[in-house]
Amino acid sequence: MLGLFEPPPPGMRYQCQRCTACCRWPGDVHVSATEITAIAALLGLSEEEFIQRHTRLNATRTGLSLLEDPETGHCSFLDGNDCRIQKAKPTQCVGFPNTWNFPGWRKICHATTVPDHQPST
Ligand code: SF4
Ligand code: SF4
């Protein structure tokens with residue numbers, strides 16, 4: 001998807017509307033070694049326990065991703081409309097759609113475009 005990123009217009013940013021659609025899409029939610037350390041600590045697990053219980057090999061077999069709920073396919077850390085690891089959620093989650101997105105993302109994501117100085121909700 002490199003080169004297909006649609007950045008916010010100058011002086012603007014995308015503001016998440018917390019619709020949780022991006023937590024329900026199929027696909028990998030990558031977790032780095034640093035993120036694994038932080039999430040495991042947040043959950044009170046050892047890194048080994050966290051990896052065993054909550055991650056799988058990603059699609060390209062180059063690293064680990066968070067497990068999906070086996071019934072819904074949603075991220076297993078989605079709890080209603082909340083993220084159970086909000087305080088340590090992966091960079092991939094924090095960055096979307098401002099630092100990365102993909103063709104067609106606006107059809108799914110409800111983020112609005114706001115002036116960059118407007119506070120987050
Ligand atoms: S980033 Fe977009 S898809 Fe994800 S919760 Fe926010 S508005 Fe919804
Ligand atoms: S880790 Fe949290 S923010 Fe990221 S996809 Fe899962 S529920 Fe959504």
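To start, this report covers the structure provided alongside it. (Residues numbered from 1 in each chain as written. Chains lettered and ligands numbered in written order. Predicted model: local features only at pLDDT ≥ 70, side-chain atom pairs only at ≥ 80, totals over all residues.)

We now examine the overall build of the protein chain. The helix and strand tally for the protein chain stands at four helices and seven strands. The order of helices and strands in the protein chain, counted from the N terminus, is β-α-β-α-α-β-β-β-β-α-β. Relative to a compact globule of 121 residues, whose C-alpha radius of gyration would be 14 Å, the protein chain shows 15 Å and is just as compact. (Helix = DSSP H or I, 4+ residues; strand = E, 2+ residues; numbered from the N terminus. Rg over C-alpha atoms; globule rule 2.2 N^0.38 Å.)

Turning next to the site of ligand 2. All residues adjacent to ligand 2 are C23, V29, L66, C75, F77, L78, C83, I85, K89, P90 and C93. Considering only residue class, the shell around ligand 2 consists of ten nonpolar, no polar and one charged. (Near = placed C-beta within 6 Å. Nonpolar A, V, L, I, M, F, W, Y, C, P; charged D, E, K, R; others polar.)

The next subject is the site of ligand 1. Surveying the vicinity of ligand 1 reveals the residues C16, Q17, R18, C19, T20, A21, C22, F96, P97, C109, H110 and A111. Class assignment of the residues belonging to the shell around ligand 1 gives a composition of eight nonpolar, three polar and one charged.

Here we take up the nonpolar core. If you look at the biggest cluster of nonpolar residues, it comprises 13 residues, and the most contacted ones within it are V31, I36, I39, L66 and C75. Mapped by element, the contributors of at least two residues to this core are α1 (21-24), α2 (33-43) and β4 (64-66). At three residues, the largest contribution of residues to this core is made by α2. Ignoring anything within four residues of it in the chain, the contact list for V31 reads I36, I39, T55, L64, S65, L66 and P90. (Core = buried A, V, L, I, M, F, W, Y, C linked by C-beta atoms within 7 Å. Buried ≥ 20, exposed ≤ 12 C-beta atoms within 10 Å, placed from the backbone. Contact = placed C-beta atoms within 7 Å.)

Attention now moves to the sheet that holds β4. Pairing in this open sheet of three strands is antiparallel, and the strands run β2-β4-β3 from one edge to the other. Only two strands of the sheet have a single partner each, and these edge strands are β2 (30-31) and β3 (55-57). Note: β2 against β4, two bridges, orientation antiparallel. Its bridge partner being in β4, H30 is matched across the sheet by S65. (Pairing = 2+ DSSP bridges.)

Turning our attention to unusual backbone geometry. Residues F96 and P97 are joined by a peptide bond in cis, for which omega reads -5 degrees. Its place among the elements puts P97 in the loop between α4 (91-95) and β7 (112-115). Its identity is not glycine, yet T20 carries a phi of approximately 70 degrees, on the positive side. Structurally, the position occupied by T20 is in the loop between β1 (12-15) and α1.

Turning to α2, its buried residues are E35, I36, I39 and A40. Around the axis of α2, the buried residues are gathered within 130 degrees of arc, so they sit on the same side. Next to the buried residues of α2 lie β2, α3 (47-54) and α4. G44 sits one or two residues past α2 and shows a positive phi near 70 degrees. (Arc of directions from axis to C-beta.)

What is shown is where atoms sit, not what they do.
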